[in-house]
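Commentary on secondary and tertiary structure
Read off the chains here:
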Amino acid sequence: VAAAGAQRRHRRGVDLDRERALAVVLVAVPGRVRDLHALLLADRELDPLAPFPHAMTGLGLLASRRVEESVRSFDHALSFDKENSLALWGSGAANVALGRYEQGIALLEKAVTQTRRGSFVLGILGWALAAGGRREEARAVLAELRARPEPAPAVVSEVWLLAALGDVEGA
């Protein structure tokens, strides 16, 4: 009986990994927030205190330009884990999109710390700094990103950063 229970838990874990991978894809597809929400609902029911499904819902809402709603999802995720890097950077980006630059930058700075200055999140911080008028700090972030040996993970966020600095050609 114990082995059967362990097998069921293992299968559910594999299913959750697939669902989480699909959730990441759905975040990037405009207009698929309903599908994303339905997929993550099961995840929230299985583990109601997990920040991941709430943070991913927030990213889907943010990608669909439902920014205020996304902030609520990120806040919910952060209520379970105040150090969750996904929710921190998502909430930071959403706050910047709403013109709350200092609040967004503070959240992004925490996310950068949590990810050990991960390239993607660092690039998002650079974008926020540029959008918030802190252009010299944004340029310093850009220089740091470009000095790294493997810039590929930061390509998207570097494009945002360049655009926020007004370098449309570079973006």
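Residues numbered from 1 in each chain as written. Predicted model: local features only at pLDDT ≥ 70, side-chain atom pairs only at ≥ 80, totals over all residues. Heavy atoms only, no water.

What follows covers the nonpolar core. Counting 36 residues, the largest nonpolar core has Trp89, Leu108, Leu125, Trp127 and Leu161 as the members making the most contacts within it. For this core, the element with the most residues is helix H7 (residues 119–131), which contributes 8 residues. Apart from residues lying up to four places away in sequence, Leu108 is in contact with Trp89, Gly92, Ala93, Val96, Val121, Ile124, Leu125 and Ala128. (Core = buried A, V, L, I, M, F, W, Y, C linked by side-chain atoms within 4.5 Å. Buried < 20%, exposed > 50% of the residue type's maximum accessible area, 1.4 Å probe, protein only. Helix = DSSP H or I, 4+ residues; strand = E, 2+ residues; numbered from the N terminus. Contact = heavy atoms within 4.5 Å.)

This paragraph deals with helix H8 (residues 135–147). Along its 13 residues, H8 runs 18 Å from first to last C-alpha, staying within 8% of the 18 Å computed at 1.5 Å per residue. Within the sequence span of H8, burial applies to Ala138, Val141, Leu142 and Leu145. All buried residues of H8 lie within an arc of 100° about the axis, which places them on one face of the element. Away from the buried face of H8 by more than 90 degrees, exposed residues Glu136 and Ala147 are located. (Expected span 1.5 Å × (residues − 1). Arc of directions from axis to C-beta.)

Here we take up the pattern of salt bridges. One pass over the structure, following the stated rule, counts 9 salt bridges. With a shortest N-O distance of 2.8 Å, Glu144 and Arg117 are connected by a salt bridge. With Glu144 in helix H8 and Arg117 in the loop between helix H6 (101–114) and H7, the pair connects residues that are 27 residues apart, well separated along the chain. According to the relative accessible area criterion, Glu144 is partly exposed, its value standing at 26%. We classify Arg117 as partly exposed; its relative accessible area is 38%. Three or more residues are tied together by salt bridges with common partners; here these are Glu102, Glu109, Arg134 and Glu137. (Salt bridge = Lys/Arg side-chain N within 4 Å of Asp/Glu carboxyl O.)

This brings us to the packing of helix H3 (residues 51–63) against helix H5 (residues 85–97). H5 packs onto H3 with a crossing angle of 25° between their chain directions and a minimal axis gap of 9 Å. As the angle between them shows, H3 and H5 are arranged roughly parallel. Where H3 crosses over H5, the two elements pack in a sense that is left-handed. Two secondary-structure elements touch here, H3 through Phe52, Ala55, Met56, Leu59 and Leu62 and H5 through Leu86, Ala87, Trp89, Gly90, Ala93 and Ala94. Among the residues making up the contact of H3 with H5, the classes are represented as 10 nonpolar, 1 polar and no charged. (Axes fitted to C-alpha atoms, helices over the stretch in contact; angles between N-to-C directions. Parallel < 35°, antiparallel > 145°, perpendicular 65-115°, else oblique. Left-handed = near helix turned anticlockwise from the far one by under 90°. Nonpolar A, V, L, I, M, F, W, Y, C, P; charged D, E, K, R; others polar.)

Take Ala130: it is sitting in helix H7. Owing to a relative accessible area of 5%, Ala130 belongs among the buried residues under this scheme. Considered as a pair, Ala130 and Val141 are 11 residues apart in the sequence and their alpha carbons are 9.9 Å apart. When sequence neighbours within four positions are dropped, the list of residues in contact with Ala130 reads Arg135, Ala138, Leu161, Ala164 and Leu165.

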